[in-house]
Structures are given as structure tokens and as C-alpha cells.
There are 2 protein chains.
Amino acid sequence: MPNLPPVDGARPGRGGRPRDPSRDGAIRAAILQVLAESGYAGLTMDAVASAAGVGKATIYRRWRTKSDLVADAVAELSSMSIDAPDTGSLEGDLRVLLHWLVGAVNGPLGAATLSLLSALPHEPGLREAFRSGPMDVWGATFRTVWERAEARGEVHQPMAGTAVGSTASAPILQRWLFSGEPVSEEFADEVLADVVLPLISVRNAA
Amino acid sequence: MPNLPPVDGARPGRGGRPRDPSRDGAIRAAILQVLAESGYAGLTMDAVASAAGVGKATIYRRWRTKSDLVADAVAELSSMSIDAPDTGSLEGDLRVLLHWLVGAVNGPLGAATLSLLSALPHEPGLREAFRSGPMDVWGATFRTVWERAEARGEVHQPMAGTAVGSTASAPILQRWLFSGEPVSEEFADEVLADVVLPLISVRNAA
């Protein structure tokens, strides 16, 4: 953890000039960029200041430690997530969600998430921010889609939290993290056609 | 990357005293231990020497850089993997494999693997060692189990590499990495009973 240079106020964001929310947004975007390019280990206050085009004192005035800064940036990942689609059918909703997931793992959201994964066991504050932020948002989005399908009568049993419910996203995440192969929308379509929809038919017929 | 202290020989493992294979094994085990406890960022030649109970010069004599050392240790992950089970039935084989996977993600193998994941995009040598080592071994183990099932007539189509084939391990890996919930053998049994076996029935009936 870097030593703190002298700051004006006793706590980040207090004292001195009022905070500029748009600058906060630029700094958060810079954190994600540095994370994606250099990883958690390469994330320094200096690198973030440089990527955001602000002075290091500006960073320290807002976040006292790297952990504070990253935890706040993790919340930013949540805002990069998709709202639950509402196409009128489970198949349509899942297709939108899975195509979004493919784009996410191949883009800055995926790169930043991957950069953080290994740090989670060693950084309790980061882990808590990640769980109560993006993981919770992603889980809630899938839950909403499943619950609407249940309300429409397309699925006859609750699916969120079950092994069957997990098969929509899990093959995509496994392919992303544990294979050298590209994660494509075609693969997402294969998951939907060959895994999720057949399993729902089986369960509904049971 | 740390600076290299002067070493006797020009290259690791050459010159000086002959290498002691059992000591190499102790060092590799120490690397995995340090990785699991401190993460990739916390992995230093010093920490490995201390965990292995050897002098730092011993480490530098064998591995010139942290990358060399980690790449070699990754190969060690492969040796912690399971041989393809051969119980005589696909269900039996998959149950053994999935229970092994549950134990793996909850143990040192999982902790070391998780510690490396985030570094893979930034470390080409490490990525290559990980892909051609443990990932390849794990993939081959599942492939063997699927191919034996095909040979016995239990599955009518090749499953390795398909979305359906990926559903055996993917829910377990997703739960491990992206939920706060424990990964248990009961969950593995749910994956087998509710996902994999029904999907195989559907495909065989098609």
C-alpha cells in the first residue's frame, strides 16, 4: 500500500474544493482501463492519475488507499451491466442476456472483472464490494428474467439459484476463463438451443 | 520483476552442484502454497525460498525470473489432476470427476489456479504454460470420459467441446468463482441429475 501524501481534508471527499462528479466518473473509467491493461497488481495511484489526466493529489483527496479506490470502481462495473430484457418470451430474453454476456466478457467489463478475480480471496473489502455490487446485479438480472418466465407460465418451477438455471451463463463463463477459444454469439445460441431450452422442456414435462 | 543476484552458472540448473529432484518438488509445492496464500502479486523469490526452507540462491540457480518459476510450477498443477475414472458407466465416471472437481476448487489446486487467472492476460509465458499444462490435462480427462461413453453406446454423438458437454463442469466453476455460496458434492450431484443426464437423454432420443 502506498504511503499517503499530505492531504487537505481528513477524509476523502471532504474539505477543500467541492468534488466534481464528472471528474469522479473520468477517474472511475480510468481505473477500469488501468485494471484491464495492467491488472490489479499494476494498478497504482500514479497510473490512475495519469490515465485520468488528473494530478495524483486529486486521486488521494478522494480515495485514501488503493483498496478504497478499487472498491469504488467495482461499483462502476455494476453500472455497465444490462437491465433485465423484456422481449415477451424467455427465449428472447435469454438471447439478449447471453449476447450481452458475450459482449461483456470480450470487452472492458470482462477485462476488468478478470483482473480482479484473483485478488478477491486476499482482499476482503474488494470481495465484499464485488459481491454486493456487480455479482448481485448480474444475479438479479437473471432472476428477473426467470421470474417473468414463471409468471408467464413458460417455466413451471423456480429456476434462479438451481443448477438448471445456472446453465444459461455457466458455459459462456467457463469458455471465457478456461479455454483458449473465442466466446461468440454463435456459442451463446448453441447454449440456448442445446442446453437451456431442452432442459426447460424436460422440467416442464416432469 | 526482481533484479537477479549473481549466480554461479550461466543458466538455471546448469553448472554448480547437480540438481536434487526432491528439492525441486519441495520448491514447486512451496510456490503453490505461496500463490494460494499471497496471490500472484505476493509471490516473490524470497517468499518461495522461505516457504521451501532453502536459500534464495537455490531458487535463482534453478529459475532466473519469477515467470520461469511460476511457469514451471503451473506444470505441477497438472500432476495434481485426476486420471480419467473408469467405473463402467458415464454416470459413475462423471460423479467421480465432478466430486474431484469440487474437492479441487475447495483445496490448494483451486486456490493456486484462482491466484493465476487474473495474471494470464498479462503474462504470455504463464498463459501458454497454463493452457498446455493443467487446462489441457483437465480437458483431456473429460474427453476420455465422454469418448468411453460413446464407445459403450451411452451417448450417440460426440460431446467433448460442445455446449452440452461443458455443462458437467461449468455450473461448478461458475458457482466457485461468481457466487459467495459453497461448492458442495450435493451441488455436483444436482448438476449431474438435473442437467447432464437429462440432456444426454434428450440428445440420444433426437
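So, how was this worked out
Residues numbered from 1 in each chain as written. Chains lettered and ligands numbered in written order. Predicted model: local features only at pLDDT ≥ 70, side-chain atom pairs only at ≥ 80, totals over all residues. Heavy atoms only, no water. Least-squares fit on C-alpha atoms with pLDDT ≥ 70 in both. Contact = heavy atoms within 4.5 Å. Phe/Tyr/Trp six-rings, centres within 6.5 Å; stacked < 30°, edge-to-face > 60°. Buried < 20%, exposed > 50% of the residue type's maximum accessible area, 1.4 Å probe, protein only. Lys NZ or Arg CZ within 6 Å of the ring centre and 35° of its normal. Axes fitted to C-alpha atoms, helices over the stretch in contact; angles between N-to-C directions. Helix = DSSP H or I, 4+ residues; strand = E, 2+ residues; numbered from the N terminus. Parallel < 35°, antiparallel > 145°, perpendicular 65-115°, else oblique. Nonpolar A, V, L, I, M, F, W, Y, C, P; charged D, E, K, R; others polar. Buried area = accessible area lost by both parts, 1.4 Å probe. Salt bridge = Lys/Arg side-chain N within 4 Å of Asp/Glu carboxyl O. Polar contact = N/O pair within 3.5 Å; in protein donor to acceptor, adjacent residues only side chain to side chain. Expected span 1.5 Å × (residues − 1). Bend = angle between axes of the 7 residues up to and from the residue. UniProt positions renumbered as here; feature names shortened; annotations may be inferred.

Undergrad: Sorry if this is basic, but what is going on with the relation of the copies chain A and chain B here?
TA: Note on the chain copies: they are related by a rotation about an axis and a translation along it. You can overlay chain A on chain B at an RMSD of 0.0 Å; the transform is a turn of 180° with a shift of 0.0 Å along its axis. Each copy turns onto its partner about a two-fold axis. Taken together, the interface assignments show that 100% of the residues at the interface of chain A recur at the interface of chain B, consistent with an identical surface on both copies.

Undergrad: Can you walk me through the packing of aromatic side chains in this structure?
TA: The geometry of an aromatic ring pair is captured by the separation of the ring centres together with the interplanar angle, meaning the angle of the planes. Residue and element names in this part refer to chain A. This structure, assessed with the given rule, holds 2 aromatic pairs over all chains. With centroids separated by 6.2 Å and ring planes inclined at 85°, the aromatic side chains of Phe 130 and Trp 138 adopt a geometry described as edge-to-face. Like Trp 138, Phe 130 is buried. In this structure, Arg 175 packs its charged tip against the face of Phe 187, placed 4.2 Å from the ring centre.

Undergrad: Explanation requested: the packing of helix α9 (residues 170–178) of chain A against helix α9 (residues 170–178) of chain B in the structure shown.
TA: Between two packed helices, both the angle of their axes relative to each other and the distance between the axes serve to describe the pair. For the pair α9(A) and α9(B), interaxial distance at closest approach is 8 Å and the crossing angle is 75°. With respect to each other, α9(A) and α9(B) are oriented roughly perpendicular. Here Ala170(A), Pro171(A), Leu173(A), Gln174(A), Trp176(A), Leu177(A) and Phe178(A) of α9(A) lie close against α9(B), whose contacting residues are Ala170(B), Pro171(B), Leu173(B), Gln174(B), Trp176(B), Leu177(B) and Phe178(B). When the residues that make up the contact of α9(A) with α9(B) are grouped by side-chain class, the tally is 12 nonpolar, 2 polar and no charged.

Undergrad: Before we go on, may I ask you to explain the interface of chain A and chain B in this structure?
TA: Quoted interface sizes are often the accessible area lost when the parts come together. Of the residues lining the interface, 40 residues belong to chain A; the matching set on chain B comes to 40 residues. Both sides together, the interface formed by chain A and chain B hides about 3,000 Å², and carbon and sulfur atoms give 68% of it. A salt bridge links Arg203(B) to Asp194(A), with the nearest nitrogen and oxygen atoms 3.7 Å apart. Counting every contact that joins chain A to chain B gives 15 residue pairs in polar contact (both at pLDDT 80 or more). Listed by contribution, the elements that provide at least two residues to the side of chain A that touches chain B are α1 (21–38), α6 (108–117), α7 (124–151), α8 (163–166), α9 and α10 (185–205) of chain A. In terms of residue count, the dominant contributor to the side of chain A that touches chain B is α10(A) (9 residues).

Undergrad: Mind showing me how you'd approach α10(A) here?
TA: For the α-helix, the turn length of 3.6 residues means that residues three or four positions removed from each other point alike. All names here are of chain A. An ideal rise of 1.5 Å per residue puts 30 Å on 21 residues; α10 measures up with 29 Å between its terminal C-alpha atoms. Taking the largest bend as the criterion, α10 deviates by roughly 35°, centred on Leu 192. Residues of α10 that are buried include every one of Phe 187, Ala 188, Val 191, Leu 192, Val 195, Val 196, Pro 198, Leu 199, Ile 200 and Arg 203, and no others.

Undergrad: Just to check I follow, could you spell out the UniProt feature "DNA-binding region" (unreviewed entry) in chain A for this structure?
TA: As annotated in UniProt, the feature "DNA-binding region" (unreviewed entry) corresponds to residues 44–63 of chain A in the numbering used here. Annotation note: span residues 44–63 of chain A, helix share 75%, strand share 0%, distance between end C-alpha atoms 12 Å.

Undergrad: Teacher, can you tell me more about the side chain of Ser81(B) here?
TA: All names here are of chain B. Structurally, the position occupied by Ser 81 is in the loop between α4 (66–79) and α5 (90–105). Polar side-chain contacts of Ser 81 include one of 3.4 Å to the backbone oxygen of Leu 77. Those residues in contact with Ser 81, other than ones at most four positions away along the chain, are Trp 100, Val 137 and Trp 138.

Undergrad: Would you take a moment to explain the environment of Gly153(A) for this structure?
TA: All names here are of chain A. With respect to the element layout, Gly 153 can be found in the loop between α7 and α8. Overall, Gly 153 belongs to the partly exposed group, its relative accessible area being 39%. When the C-alpha positions of Gly 153 and Asn 204 are compared, they lie 9.7 Å apart, and in sequence the two are 51 residues distant.

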